[in-house]
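Tertiary structure, described
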Amino acid sequence: MIVTIKDLRKDILAGTVVFLVALPLSLGIAQACDLPPFVGLLTGVIGGLVVTLLSPSKFAVSGPAAGLVTIITGAMATLESFSLVLVAMVLAGFMQVAMGILRAGRWIGLIPGSVIQGMMVAIGLLLIMQQAPVTMSIELGNNQSLFSATALIVALGALLILYLWQTPLIKRSKGIGLLPGSLVAVIWGSMVVVAGDYLMPENFATLERIRLPELDSARELAQQFVHPDFAGAWHNPEVWYIALTLALVASLETLLSQEALKKISFLPLHLIKSYVLRGLAIC
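Figured I'd write up the structure that's included with this text.

Attention now moves to the overall build of the protein chain. What the protein chain contains, in helices and strands, is twelve helices and two strands. Counting only residues that meet the buried cut, the protein chain has 28% of its 283 residues in that class. Put simply, of all contacts in the protein chain between residues at least 6 apart along the chain, 70% involve residues at least 24 apart. Summed over its atoms, the accessible surface of the protein chain is roughly 18800 Å², and 69% of this surface lies on carbon and sulfur atoms.

In structure tokens:
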């Protein structure tokens, strides 16, 4: 396939928008899973490169799945080792490959939509319960927390933006409506923090932030990597149970997304772009 300059300009613009949305999302989901921010950054890069090279879909966008946060968090609490969780992820990947070879995806039509919607709603409620305290307090240590009005203002402002971006007024706008609401929410949070550090440094000094490690050499970069502990995982039934759960939930989310994309593939191009960008905002 020959790529023209016109196509390249569109791809650069689309890639920039996806990057600006996916980067903070990857960092935020890593934090929600109680993992280092570097893990979110690395998995976002690898997922984007691998899926882009292997996926035949024209519209699918790879990235972190919020629906798997509760599973990873539970896995970390159960296994108490990120190395064992990595083994479960590797096993889940092999299970997905096996299901693909067996063409198990065709059986998704037998699952009632209400069951899948109920599962996703339950995951959403668990995420709300897990992240609600973060919007109002900052963990200090010794199991103590202090209410933070600053964190609450930033969170409520972001939620308000996400809500407004789903209203007909914004959707009908040809310019603003195509801008993902999640990107606007990230810009809002960044602007508030920058302005707060300048105008009210005392109040914003305690605001919890995601900090990436400073890497000055390849050796320091290599020290950030954690490898799967296969030796201690084979005889652990919890690892296999978590792997199966990851494989099934991740496969369901992917197949449902593909089914939705098939339905909108018959729509005009401008409507497809609108739905895809709105999907990014919801993610």
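Positioned with a positive phi, Glu 80 is a non-glycine residue whose angle comes to about 55°. With respect to the helices, strands and loops of the structure, Glu 80 is situated in the loop between α3 (69-79) and α4 (82-101).

We now examine the packing of aromatic side chains. Per the stated rule, a full pass over the model turns up one aromatic pair. Aromatic pair Phe 38 and Phe 225: ring centres 5.8 Å apart, planes at 90°, arrangement edge-to-face. Of this pair, Phe 38 sits in helix α2 (residues 37-54) while Phe 225 sits in the loop between α10 (218-222) and α11 (237-264), and the two are 187 residues apart along the sequence. Among the residues examined, Phe 38 registers a relative accessible area of 10% and is labelled buried.

A few words on the nonpolar core. In terms of nonpolar packing, the biggest core is built from 30 residues, with Leu 35, Ile 72, Phe 82, Val 85, Val 239 and Leu 246 touching the most fellow members. The set of elements that each furnish at least two residues to this core consists of α1 (5-32), α3, α4, α5 (113-131) and α11. Element by element, the count of residues in this core is highest for α4, at eight residues. Among all residues touching Val 239, those that are not within four sequence positions of it are Leu 79, Leu 84, Val 87, Ala 88, Leu 91 and Ala 233.

A cluster of nonpolar side chains, namely Val 45, Ile 46, Leu 49, Val 50, Val 51, Leu 53 and Leu 54, defines an oily patch on the protein surface of about 690 Å² accessible area. Locating Val 50 in the fold gives a position in helix α2.

Along the chain, Ala 32 turns up in helix α1. Separated by 95 residues in sequence, Ala 32 and Leu 127 have C-alpha atoms that sit 8.6 Å apart. Residues within four places of Ala 32 in sequence aside, it is in contact with Val 69, Thr 73, Gln 130 and Gln 131.

Our next topic: the environment of Val 249. Within the fold, Val 249 resides in helix α11. Sequence separation between Val 249 and Ile 71 is 178 residues, and the spatial gap between their C-alpha atoms is 9.2 Å. In contact with Val 249, other than residues within four places in its own chain, are Leu 68 and Ile 71.

Turning to the packing of α3 against α4, a few remarks are in order. The contact between α3 and α4 brings their axes to 9 Å, and the two run at 130°. The angle between α3 and α4 places the two elements in the oblique class. As α3 runs across α4, the sense of the crossing is right-handed. Contacts between α3 and α4 involve Ile 72, Ala 75, Met 76 and Leu 79 on the former and, on the latter, Phe 82, Leu 84, Val 85 and Met 89.

So, about the environment of Gly 48. Along the polypeptide, Gly 48 turns up in helix α2. The spacing of Gly 48 and Ala 22 is 26 residues in sequence and 9.6 Å in space, taken between C-alpha atoms.

Each value, and the rule that gives it
Residues numbered from 1 in each chain as written. Predicted model: local features only at pLDDT ≥ 70, side-chain atom pairs only at ≥ 80, totals over all residues. Heavy atoms only, no water. Helix = DSSP H or I, 4+ residues; strand = E, 2+ residues; numbered from the N terminus. Buried < 20%, exposed > 50% of the residue type's maximum accessible area, 1.4 Å probe, protein only. Contact = heavy atoms within 4.5 Å. Areas by Shrake-Rupley, 256 points an atom, 1.4 Å probe, with all protein chains shown as cover. Phe/Tyr/Trp six-rings, centres within 6.5 Å; stacked < 30°, edge-to-face > 60°. Core = buried A, V, L, I, M, F, W, Y, C linked by side-chain atoms within 4.5 Å. Patch = residues over 30% accessible without salt bridge, like charges linked within 9 Å, V, L, I, M, F, W, Y side chains within 5 Å. Salt bridge = Lys/Arg side-chain N within 4 Å of Asp/Glu carboxyl O. Axes fitted to C-alpha atoms, helices over the stretch in contact; angles between N-to-C directions. Parallel < 35°, antiparallel > 145°, perpendicular 65-115°, else oblique. Left-handed = near helix turned anticlockwise from the far one by under 90°.

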